[in-house]
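# Residue-level structural notes
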Amino acid sequence: MFHTAIRIHRRIVDAAREYQLLQDGIALGNYGTGMSPGQTSSPTDGFLAMPSSGMSPEQGWQFFIETESRKRTMYCLYYLDAQISICCNLRPLMTALELKYELPCRDDIWSAPTAAAWNMLVQAPDFSFNEEDDLDANGEPRPAHGDLYETLMHLMNPDPTARPLGLLWYSPFASLMLVIQIQMMTRELVLASTFLYNNVRCNDTRHNLSIITEGNRAPIMQALSNLADLIPKPNSTAWSMVVGASDPRNTSGPNSSSSSGATLLWHAVWMAWYYTAISLTHQDALLTSGIVEYSLPTAISTAWELGKPRAKPHRDIYEDRDVMRVADHLEHVIQMLASPPLGTSTSVLQDATGGVASGASVGAGGTNGGGGGGGVGIPCIEDPFVTMLGFKACMMGWRVVRLMVLGLEQPLIPGSDILQMPARPNLYSVSAQVVLGRVMEAVGLAGSGSSPAATYDKWPFQDVYHGQVGTISAAEAKYLEWTERTFALRDVWPPGEWVVAVFNEPREGPV
């Protein structure tokens, strides 16, 4: 089926190019209208002209729906192409430069239920923090954010003479497209860096964890940071105002009975954001190894094998800052995985053993409590592509957890089964304890929060220097257990089941 889907996808991309659908027909005459290059349009084709003042609100709304639908369809095609490329390491068929469209409009405008509501939104004055309100109504649609490639360049290196990118609080779809483009830029940079690194240092058995130079990493991270300043952050006041009211976990909100598209999209935005930030330091093993997979199950299995911690002669060399960078973003990934978007169906979430996840419904406001026994759960409707990103991030995090474990475990006295007395803590042992403690705290908080992962009790991290034998090894086991159970709760789409399958494989091997 996957091979068939790939062929269909290629045909759709080819057709979009042939019929010039990747270009904005409004700005480029008859291009992008669905006609072949040899055809010409009639002067009476209404969708080739901008809404005129002579149009009624109903006509203008219908015009907007048609043009915006075409634009969003092409962006969805680009998103799908990026998904396939990132998950399976297939070469992408599209580039951001091909999309000659402005970014999608605000989602509240796109979701306007009536022509009157749409007309009120598009005529509302544009606001800025550095100028007074304009009380005169604006009859034209508010300016778009700019096309995908130019907007990304502005995020990387803001042009003071250009119109600044405004707040994207009501633009989750546009924000997702920007994050995906940054992710694809990172992918191309990793490919080029891998080729150069392997040719310059082809005889090395151990490589640096990050093969992207600081000079190349900095502008991409700057783009991510600039974008983060313009979108609502999880657990912030803006998040609760913009997203929280439509989250089914918020039982006091006006839409608490259903999960909105905004919640689903913002979750995808931040999961993609954190994964991209991690991958700037810890590159995807599929990408650096050059392995290409042609199905999602085998892509997950290969990512699992490549992501396992390796023995020292074959282990990547972690610089101190690499550990801290991965750990910083891993904490947020854990929190996002523990708070996925939830649906409204009464289908039961299944755990890895086939039993009912009784704590699942806690994520919907705690209606069933967290106690044992069966119960009706709420399905996790997380984007399967986002589930894949979460799995890859957790595999990267596993390596960091294992490194910290190795740095804190008490060795045995040679020739005996007696633990050596712990040495006085040094800088690196203290740092390892702090990093491991942060990850374990995130896992513990995720397990005790209002989410499908609420079946886990908060697990306090024990200080290795207080004589707790086996505590550190238990930390790694706890991390892997939490990861497996978290993905087991994602039973709506197949990737969750495939991830659980690789976790059920033997984990014994060299460290």
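What you see is a predicted model; the values in this text were computed from it and never measured.

Rules of the game
Residues numbered from 1 in each chain as written. Predicted model: local features only at pLDDT ≥ 70, side-chain atom pairs only at ≥ 80, totals over all residues. Heavy atoms only, no water. Salt bridge = Lys/Arg side-chain N within 4 Å of Asp/Glu carboxyl O. Helix = DSSP H or I, 4+ residues; strand = E, 2+ residues; numbered from the N terminus. Buried < 20%, exposed > 50% of the residue type's maximum accessible area, 1.4 Å probe, protein only. Phe/Tyr/Trp six-rings, centres within 6.5 Å; stacked < 30°, edge-to-face > 60°. Lys NZ or Arg CZ within 6 Å of the ring centre and 35° of its normal. Axes fitted to C-alpha atoms, helices over the stretch in contact; angles between N-to-C directions. Parallel < 35°, antiparallel > 145°, perpendicular 65-115°, else oblique. Contact = heavy atoms within 4.5 Å. Nonpolar A, V, L, I, M, F, W, Y, C, P; charged D, E, K, R; others polar. Disulfide = S-S within 2.5 Å. 1 Å grid on protein atoms, 1.4 Å probe; cavity = no way out; pocket = protein on both sides within 12 Å on 5 of 7 lines; lining within 4 Å. Points joined across faces, edges and corners; volume = space filled by probe spheres on them. Core = buried A, V, L, I, M, F, W, Y, C linked by side-chain atoms within 4.5 Å. Polar contact = N/O pair within 3.5 Å; in protein donor to acceptor, adjacent residues only side chain to side chain. Left-handed = near helix turned anticlockwise from the far one by under 90°.

Let's shift gears to the pattern of salt bridges. One pass over the full model with this rule turns up 19 salt bridges. As a salt-bridge pair, glutamate 331 and arginine 438 come within 2.5 Å of each other at their nearest N and O atoms. Remark: arginine 438 occurs in helix α14 (residues 427-448) and glutamate 331 occurs in helix α12 (residues 320-338); sequence separation between them is 107 residues. Residue classification places arginine 438 among the partly exposed positions, given a relative accessible area of 24%. With its nearest N and O atoms 2.7 Å apart, the salt bridge here joins arginine 490 to glutamate 382. Here the residue arginine 490 occupies a position in the loop between α15 (471-488) and α16 (494-503), and glutamate 382 occupies one in the loop between α12 and α13 (384-408), the gap between them amounting to 108 residues. Assessed through its relative accessible area of 2%, glutamate 382 is described here as buried.

Inspection of every chain in the model, using the stated rule, returns nine aromatic pairs. Among the aromatic side chains, those forming a connected cluster through ring pairs are Phe64, Trp110 and Trp118. Sitting above the plane of the phenylalanine 487 ring, arginine 490 keeps its charged end 5.8 Å from the centroid.

This brings us to the packing of α13 against α16. Where α13 contacts α16, the two axes come as close as 9 Å, and the packing angle between them is 25°. Here α13 is positioned roughly parallel relative to α16, judged by the angle of their axes. For the pair α13 and α16, contact is made by Pro384, Thr387, Met388 and Phe391 and by Pro495, Gly496, Val499, Val502 and Phe503, respectively. Classifying every residue of the contact of α13 with α16 gives seven nonpolar, two polar and no charged.

All right, on to the state of the cysteines then. Under the criterion given, the structure shown has zero disulfides. Lacking any disulfide linkage, cysteine 87 is separated from the closest cysteine sulfur, that of cysteine 88, by 5.9 Å.

Over the atoms rolls a probe the size of a water molecule, and in doing so it shows where empty space is left. On inspection of all chains with the given rule, the structure shows four cavities of 30 Å³ or more. Estimated volume of the largest cavity: approximately 150 Å³. For the lining of the largest cavity, the secondary-structure elements that each account for two or more residues are α2 (57-88), α6 (172-200) and α9 (261-279). Considering each element in turn, the lining of the largest cavity owes the most residues, four residues, to α6. Residue classes in the lining of the largest cavity are distributed as four nonpolar, six polar and two charged. Within this model, the second largest cavity holds a volume of roughly 120 Å³. Forming the walls of the second largest cavity are His282, Gln283, Asp284, Ala285, Leu286, Ala303, Gly307, Phe391, Lys392, Met395, Met396 and Arg399. Secondary structure elements with two or more residues in the lining of the second largest cavity: α10 (285-289), α11 (296-307) and α13. Ranked by residues supplied to the lining of the second largest cavity, first place goes to α13 with five residues.

Ranked by size, the top nonpolar core spans 108 residues in total, and within it Leu148, Ile180, Trp273, Phe391 and Tyr479 carry the most contacts. Sorting elements by how many residues they give to this core places α13 first, with 16 residues. Apart from the residues within four sequence positions on either side, tyrosine 479 is in contact with Leu330, Ile334, Cys394, Gly397, Trp398, Val401, Val439, Met440 and Val443.

Here we come to the side chain of aspartate 81. Structurally, aspartate 81 is set in helix α2. Within the local environment of aspartate 81, its side chain forms a polar contact with the backbone nitrogen of leucine 93, the two atoms lying 3.0 Å apart.

Where α11 meets α16, the closest approach of the two axes is 10 Å, and the angle between their N-to-C directions is 40°. In terms of crossing hand, the pair formed by α11 and α16 is right-handed. Here α11 contributes Leu296, Pro297, Ile300, Ser301 and Trp304 to the contact with α16, which in turn contributes Pro495, Trp498, Val499, Val502 and Phe503. Within the contact of α11 with α16, the residues separate by chemical class into nine nonpolar, one polar and no charged.

Turning our attention to the side chain of arginine 187. Along the chain, the position of arginine 187 falls in helix α6. Side-chain polar atoms of arginine 187 contact the side chain of serine 85, separated by 2.9 Å.

Structural measurements only, silent on function.
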